[in-house]
Amino acid sequence: MKFDLTTLKILSRLLKDGRATHQSLAEELNFSRPAIHQRVNKLEEEGVIKGYKADVDFHKVGLTIDAFMLVNMHTLNYNKVISKIMSFSQEGIFIEEVFRITGEKCILVRLKTSSSDRLRQLHDHMLNLKGISETNTMLVLQTESNDFNENFVENNIEK
């Protein structure tokens, strides 16, 4: 799918603030509200915009430790192990995302916990899952995010 500059600016703005109104987008981009509405609807229909979600401050809900866990496996049934990891549910532990990756390790887990004790419990649980042979956990000390803008997809801009 090719995009024009205005559509990319709409995406950029919605990534910063998913609650931005069509009116505010129209004013910012110097378009009519119906024109913005039509473009956003098309992006939703095409599956470019898959949904809108809240940006949660996990510290304020008690999940103060942000970590990544690399997982080494001795099985070829990755989907089964990923499913078991994703379905893990215990107070004070939130498995945010699981990625199947290339390299020495097979799985990367992004997680939030309320304490180092909860992290230890998750670590012990992971090592008890059939197919997992080793984990390596890294704590996040600082996070910076990059804003999406039209320059990132310059080759796809419709002329």
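The structure under discussion appears in the preceding block.
Residues numbered from 1 in each chain as written. Predicted model: local features only at pLDDT ≥ 70, side-chain atom pairs only at ≥ 80, totals over all residues. Heavy atoms only, no water.

**Thoughts on the pairing of strand E3 (residues 107–113)**
Note the threshold: In this scheme, a residue with accessible area under 20% of its type's maximum is buried, one over 50% is exposed, and one in between is partly exposed, where area comes from a 1.4 Å probe on protein chains only. Note on conventions: DSSP H or I runs of at least 4 residues are helices, E runs of at least 2 residues are strands, and numbering of each starts at the N terminus. If DSSP finds at least two bridges between two strands, the strands pair.
Of all the seven residues making up E3, seven are buried; the element is thus mostly covered by neighbouring parts of the structure. Burial of the side chains of E3 extends over both faces: Ile107, Val109, Leu111 and Thr113 are buried on one face and Leu108, Arg110 and Lys112 on the other. With seven bridges connecting them, strand E1 (residues 65–73) and E3 associate as antiparallel partners. Paired with alanine 67 across the two strands is leucine 111, which belongs to E3. The pairing of strand E2 (residues 93–100) with E3 spans seven bridges and is antiparallel. Note on E3: the bridge partner recorded for arginine 100 is isoleucine 107. Hairpin remark: E2 followed by E3, antiparallel, with six residues in the connecting loop; positive phi at glycine 103, about 110 degrees.

**Some details on the sheet that holds E3**
Across a sheet, strands are paired by hydrogen bonds formed along the backbone, either parallel or antiparallel in direction. Worth spelling out the cut-off: Simply put, an axis is a line fit to the C-alpha atoms, just over the touching stretch for a helix, and the angle between two N-to-C directions goes from 0 to 180 degrees. Only heavy atoms matter for contacts: two residues are in contact if any of them lie within 4.5 Å across the pair.
Spatially, E2-E3-E1-E4 is the arrangement adopted by the four strands of the open sheet, whose pairing is antiparallel. Only two strands of the sheet have a single neighbouring strand rather than two, namely E2 and strand E4 (132–139). Strand after strand, the sheet turns through a mean of 25 degrees between neighbouring axes, direction not considered. Judged from the seven bridges that link them, E1 and E4 form a sheet pairing that is antiparallel. Paired with methionine 73 across the two strands is isoleucine 132, which belongs to E4. The strands that helix H4 (residues 78–87) touches are E1, E2, E3 and E4; relative to E2, the one it contacts most, it runs at about 160 degrees. Against the sheet, helix H5 (residues 116–128) makes contact with E1, E2, E3 and E4, and its axis sits at roughly 160 degrees relative to E4, the strand it touches most.

**A look at the side chain of threonine 7**
Here threonine 7 is to be found in helix H1 (residues 5–16). Here threonine 7 falls in the buried class, since its relative accessible area comes to 9%. What threonine 7 contacts, discounting residues up to four positions off in sequence, is Arg39 and Leu43.

**Some thoughts on the layout of surface pockets**
The following threshold applies: In the cavity and pocket records, a cavity denotes points on a 1 Å grid over the protein atoms alone where a 1.4 Å probe fits but cannot get out, a pocket denotes an open set with protein on both sides within 12 Å along at least 5 of 7 lines, and lining residues are residues with an atom within 4 Å of a point. Grid points are joined across faces, edges and corners, and a volume is the space filled by probe spheres set on the points. Here the nonpolar group is Ala, Val, Leu, Ile, Met, Phe, Trp, Tyr, Cys and Pro; Asp, Glu, Lys and Arg are the charged ones; every other residue, Gly included, is treated as polar.
By volume, the largest pocket is sized at about 1400 Å³. Per-element tally for the lining of the largest pocket: the top contributor is H1, with four residues. Across the lining of the largest pocket, the residue classes break down as 14 nonpolar, seven polar and 13 charged.

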